[in-house]
Amino acid sequence: MPLPSIHPQTHSVGALLATLTEAFGDLPAVFDRNRPASFAELDERAMRIAGGLLAGGAAKGARVGIFMPNSGDFVAALLAITRVGGVA
């Protein structure tokens, strides 16, 4: 399967994840033995967390800490923070 055309200079992290989800939706993105996730699942989890961050008042430039072990949830949280314009 060929990789999609991605130009980092013109894409945000959210746009990159959307492009990868469109190209590889059902393929594994995170290999977490407790909770693996496809690109589509990771995108959905990041969107849900981003909604919570926005509802909680996070905005562009907000500094958001992530206090959890390395996992699929950590990846989703990191993607969500960048999606709202925050800094992890």
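In what follows, the structure referred to is the one given above.
Just so it is clear, the structure is predicted and the values come from calculations on it, not from any experiment.

A few words now on the overall build of the protein. A tally of regular secondary structure across the protein gives 3 helices and 2 strands. Its helices and strands in sequence order give the protein the pattern α-β-β-α-α, from N to C terminus. Sequence-distant contacts in the protein: of pairs separated by 6 or more residues, those separated by 24 or more amount to 48%. Here the protein has roughly 5,800 Å² of accessible surface; of this, 61% comes from carbon and sulfur atoms.

Here the focus is helix 3 (residues 72-83). In an α-helix, one full turn covers 3.6 residues, which means residues spaced three or four apart are oriented alike. In this model, helix 3 (12 residues) spans 16 Å end to end at C-alpha, consistent with the 16 Å of a helix rising 1.5 Å per residue. Burial in helix 3 covers these residues: Gly72, Ala76, Ala77, Leu79, Ala80 and Ile81. Of the surrounding secondary structure, the elements contacted by the buried residues of helix 3 are helix 1 (13-24), strand 1 (28-30) and helix 2 (39-55). One side-chain oxygen at the N-terminal end of helix 3 lies 3.3 Å from the backbone nitrogen of Asp73; it belongs to Ser71. Count one or two residues on from helix 3 and you reach Gly85, which has phi positive near 90°.

Turning to the pattern of salt bridges, a few remarks are in order. According to the stated counting rule, one finds 4 salt bridges in the structure shown. The salt bridge involving Asp73 is made with Arg45; its shortest N-O contact spans 2.7 Å. With Asp73 in helix 3 and Arg45 in helix 2, the pair connects residues that are 28 residues apart, well separated along the chain. Of the residues examined, Asp73 reaches a relative accessible area of 29% and is grouped as partly exposed. Residue classification places Arg45 among the buried residues on the basis of a relative accessible area of 6%. Through salt bridges with shared partners, a single network forms among Arg35, Arg45 and Asp73.

With that settled, the discussion passes to the nonpolar core. Judged by nonpolar contacts, Leu17, Leu20, Phe24, Val30, Ala37, Phe39, Leu42, Ala46, Ala76 and Leu79 together constitute the single largest core of 10 residues. Within the residue set of this core, elements represented by two or more residues are helix 1, helix 2 and helix 3. Residues Ala50, Ala58, Ala80 and Ile81 belong to the second largest nonpolar core, which totals 7 residues.

Calculation notes
- Residues numbered from 1 in each chain as written.
- Predicted model: local features only at pLDDT ≥ 70, side-chain atom pairs only at ≥ 80, totals over all residues.
- Heavy atoms only, no water.
- Helix = DSSP H or I, 4+ residues; strand = E, 2+ residues; numbered from the N terminus.
- Contact = heavy atoms within 4.5 Å.
- Areas by Shrake-Rupley, 256 points an atom, 1.4 Å probe, with all protein chains shown as cover.
- Expected span 1.5 Å × (residues − 1).
- Buried < 20%, exposed > 50% of the residue type's maximum accessible area, 1.4 Å probe, protein only.
- Polar contact = N/O pair within 3.5 Å; in protein donor to acceptor, adjacent residues only side chain to side chain.
- Salt bridge = Lys/Arg side-chain N within 4 Å of Asp/Glu carboxyl O.
- Core = buried A, V, L, I, M, F, W, Y, C linked by side-chain atoms within 4.5 Å.

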